[in-house]
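Observations on chain architecture
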Amino acid sequence: MTVLPVKPIKPKRVADEVAQQLTELIYRGFLKPGERLPSERELARQLQVSRPTVREAINQLTVMNLLEQRHGQGTFVRSLDPLHENPMATFMEGKDVTLEHILEVRMGLECTAAALAATRADDRDMEHLRTSLEAMKADIAAGGLGHEPDITFHMAIAYASRNPVQIKVMRSLYDFLFFGIRMNLQKLYEDPENLPRIIEQHTAIYEAIRHRDSEEALNAMRRHIGFVLDFFRSRQAL
């Protein structure tokens, strides 16, 4: 009888499933660096599991450096120390890195992510994208800049790519890639016509992914980042 090089299948523990769900929320951008998680009691209630199960899952993610527990304060999504824990930060420290450089990096990474998401996104991915887009519209309508749901939207696309390297790179470069979003929107807001255009561009990306059109998703993302890039290049030329 041929002996196959396989390992016995072990049933997944409930704590592992909880840890997987929390990890997914972090990588999708729903839970952001520095954000406080609900209490163990509240998480247990929402997940319908025991508090020891939640505690074990949190411990797993703490060991993975995705969460950190602060005595007397709670559990938080861990923020990388940009000067000591992010290898790209070490590389970029002391260099003349501009917003244009960051946007060029986003162009390469996020166009690919959008194309992949159009073929790989599942129903949960589409729901995250839809709610992020709606939250962005609502925040802008209320006089805000929509930068937090904007971040969530782009991270949800990265997660929907189902490429673990893509997801990890986006997470590792979070501060550098999305530092630009807040700065971009603050300056774009100087022209009141720009924010509706940004909403239209995000809507086009969403619709292309929803219709499983990878080519149009790539092009829609390229138009969006290209629009912002052209805006800042035109400002520098003044």
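Here we summarise the structure given alongside this text. (Residues numbered from 1 in each chain as written. Predicted model: local features only at pLDDT ≥ 70, side-chain atom pairs only at ≥ 80, totals over all residues. Heavy atoms only, no water.)

**Things to note about helix α2 (residues 40–47)**
Owing to its 3.6 residues per turn, the α-helix aligns residues three or four sequence positions apart on the same side. We count it as follows: Throughout this description, buried means an accessible area under 20% of the type-specific maximum (1.4 Å probe, protein chains only), exposed means over 50%, and partly exposed covers the range between. For helices the rule is a DSSP run of H or I covering at least 4 residues; for strands it is a run of E covering at least 2, with both sets numbered from the N terminus onward. The directions considered for the arc are those from the helix axis to the C-beta atoms.
Among all positions in α2, only Glu 40, Leu 43 and Ala 44 are buried. Buried residues of α2 fall within an arc of 100° about the axis and therefore sit on the same side. Exposed side of α2, more than 90 degrees from the buried face: Arg 41 and Arg 45 are the residues found there. Of the residues one or two after α2, Gln 48 is the one with positive phi, at around 60°.

**Overview of the side chain of Asn 194**
Where we set the bar: Only heavy atoms enter the contact rule, under which two residues are in contact if any of them lie within 4.5 Å.
With respect to the element layout, Asn 194 can be found in helix α10 (residues 194–210). Setting aside residues up to four positions removed in sequence, Asn 194 forms contacts with Leu 188, Phe 227 and Phe 231.

**Regarding the pairing of strand β1 (residues 67–70)**
Strand residues, when the strand is regular, have side chains that alternate between the two faces of the sheet. The condition is simple: If DSSP finds at least two bridges between two strands, the strands pair.
Sheet analysis places β1 next to strand β2 (residues 74–77), joined by 4 bridges and oriented antiparallel. Directly across from Gln 69, in β2, lies its bridge partner Thr 75. Connecting β1 to the next strand, β2, in antiparallel fashion are 3 residues, including Gly 72 with a positive phi near 80°.

**Points about helix α1 (residues 14–28)**
Under the convention used in this document: Multiplying 1.5 Å by the residue count of a helix minus one yields the expected span of that helix.
With 15 residues, α1 extends 21 Å between its outermost C-alpha atoms, agreeing within 8% with the 21 Å of an ideal straight helix rising 1.5 Å per residue. Of all the positions in α1, only Ala 15, Val 18, Ala 19, Leu 22, Thr 23, Glu 24, Ile 26, Tyr 27 and Arg 28 are classed as buried. Of the residues trailing α1, Gly 29 is marked for its positive phi of about 90°.

**Some words on the nonpolar core**
As a rule of thumb, nonpolar side chains are buried together in soluble globular proteins. What counts is decided by this rule: Buried Ala, Val, Leu, Ile, Met, Phe, Trp, Tyr and Cys residues that are joined via side-chain atoms within 4.5 Å together make up what is termed a nonpolar core.
Among the nonpolar cores identified, the biggest contains 35 residues, and Leu 103, Leu 129, Phe 153, Ile 157, Ile 205, Ile 209 and Met 221 are the most heavily contacted of them. Of all elements in the fold, only α5 (99–120), α6 (123–141), α7 (147–160), α9 (174–188), α10 and α11 (214–237) reach the threshold of two or more residues within this core. By residue number, the principal contributor to this core is α11, which donates 8 residues. Filtering out sequence-adjacent residues up to four positions away, Phe 153 remains in contact with Leu 129, Ser 132, Leu 133, Met 136, His 202, Ile 205 and Tyr 206. By size, the runner-up hydrophobic cluster in this structure holds 18 residues, among which are Val 18, Leu 37, Leu 61 and Leu 66.

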